[in-house]
Amino acid sequence: MAKSITITNGVGTGSLINDTYSVTSEVSGYDATTINPNSVTVVEGTNSYAFTIGATGTLTLHVTEDGTTTGTPIVGATFIRTDSAGNEYGTSITTDTNGDAVFANVPYDATSAPTIYFKQTASDGNHEFDNTVQNTTMTTQTSTLQIINTPGATRTINLTDANYENLPIDTGTLTFTN
Amino acid sequence: MRRIRLKFLGLGYDRTNQAYVRVYNMKGCLVYRGWTHNNQLYLCLNNGCYKLIATSCTGIIKQCFMVTNNINTYYFTFTNALYNPNGNARNLTFLLTDYNYNNLPIGKGILNFG
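Let me begin by describing the structure that accompanies this report. (Residues numbered from 1 in each chain as written. Chains lettered and ligands numbered in written order. Predicted model: local features only at pLDDT ≥ 70, side-chain atom pairs only at ≥ 80, totals over all residues. Heavy atoms only, no water.)

Glancing now at a nonpolar patch on the surface. Where nonpolar side chains cluster on the molecular surface, the patch consists of I157(A), L159(A), I169(A), L174(A) and F176(A) and spans about 480 Å² of accessible area. Along the chain, I169(A) falls in the segment after β13 (142–148). (Patch = residues over 30% accessible without salt bridge, like charges linked within 9 Å, V, L, I, M, F, W, Y side chains within 5 Å. Areas by Shrake-Rupley, 256 points an atom, 1.4 Å probe, with all protein chains shown as cover. Salt bridge = Lys/Arg side-chain N within 4 Å of Asp/Glu carboxyl O. Helix = DSSP H or I, 4+ residues; strand = E, 2+ residues; numbered from the N terminus.)

Structure, rendered in structure tokens:
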């Protein structure tokens, strides 16, 4: 007799007698054939069983100064997948010379796509960025999201002589490291 | 009128996966309705024949039963139950994460064991 376990936020509970089971999955947005393992033996003394599943969508984050398809691309911005609480998963992706960073193997579904969470962890050093958790859903296998990284505001820096009040330094360089 | 127990096999524990139960007398009058708790419920009935309709997420039971002096507990089984009713199943935890993003939990889904 088949038994179904409902998964919520990665966890489900239920009772099964000791036996060997074939495992199938129903997860919106994910490829059911990738459930791993697809067979499990429930044995005495082991009460927790872990499975993984994969998806085949591709999400491109296109990062520009103005958040448009034709804006000046930002190179070197980094992003990472998260959950809704901001916990990070997987490895960071980085924008290329076109301003594109690509999340591969993300879920999509035409009618009930799961939410994909991510956040930007850095820009190129010259642009502001939103480091909060963002989300999107994909109804097609590939999708592109426009991300804006505005140029850092122009600041005025004054350098004067410590011993002669307000005496400006003619020339020099200040280096700011964050 | 006697206090009897209706015990349902195939439900969950405590308040999880319980059943909504209606009991009718043979005249078709509703004499009890309510939720089970921890697979069972107690009610007071006179001896006689009753019709039970119990609904849970794992199915529905429509069954007549006879209340007699000698029996205090009456058993009913959800045959398509998630929880195995034979008594030697135990609560297990199943984790489902994204294969490509280490430990990323899957928000919603179903695992089928056959």
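Residue and element names in this part refer to chain A. With mixed pairing, 3 strands are arranged side by side in an open sheet as β10-β7-β13. Strands with a single pairing partner mark the edges of an open sheet, and in this sheet they are β10 (100–106) and β13. Across this sheet, the average inter-strand angle for adjacent strands is 20°, counted without regard to direction. As defined by bridge partners, strand β7 (residues 57–64) adjoins β13 across 7 bridges and the pair is classed as parallel. Looking across to β13, one finds that T60 is bridged to T144. (Pairing = 2+ DSSP bridges. Axes fitted to C-alpha atoms, helices over the stretch in contact; angles between N-to-C directions.)

Residue and element names in this part refer to chain A. Counting across every chain of the model gives 2 salt bridges over all chains. Linking E88 and K119 is a salt bridge whose minimum nitrogen-to-oxygen distance equals 3.3 Å. Of this pair, E88 sits in strand β9 (residues 88–94) while K119 sits in strand β11 (residues 116–122); the two residues are 31 residues apart in sequence, bridging distant segments of the chain. Judged by its relative accessible area of 16%, K119 is buried. As a salt-bridge pair, E128 and R155 come within 3.8 Å of each other at their nearest N and O atoms. With E128 in the loop between β11 and β12 (134–136) and R155 in the segment after β13, this pair connects stretches of sequence that are 27 residues apart. (Buried < 20%, exposed > 50% of the residue type's maximum accessible area, 1.4 Å probe, protein only.)

Turning our eyes to something else, we now look at the interface of chain B and chain A. Across the contact, 35 residues belong to chain B and 51 residues belong to chain A. Carbon and sulfur atoms supply 53% of the area buried between chain B and chain A, which totals about 4200 Å² over both sides. Summed over the shared surface of chain B and chain A, the number is 0 salt bridges. Connecting chain B to chain A are 23 residue pairs in polar contact (both at pLDDT 80 or more). The set of elements that each furnish at least two residues to the side of chain B that touches chain A consists of β8 (90–98) and β9 (108–113) of chain B. The element best represented in the side of chain B that touches chain A is β8(B), accounting for 9 residues. Partitioning the side of chain B that touches chain A into residue classes produces 17 nonpolar, 15 polar and 3 charged. Note that strand β3 (residues 19–26) of chain A and β9(B) share 4 bridges and pair antiparallel. Pairing of V23(A) across the sheet is with F113(B), part of β9(B). (Contact = heavy atoms within 4.5 Å. Buried area = accessible area lost by both parts, 1.4 Å probe. Polar contact = N/O pair within 3.5 Å; in protein donor to acceptor, adjacent residues only side chain to side chain. Nonpolar A, V, L, I, M, F, W, Y, C, P; charged D, E, K, R; others polar.)

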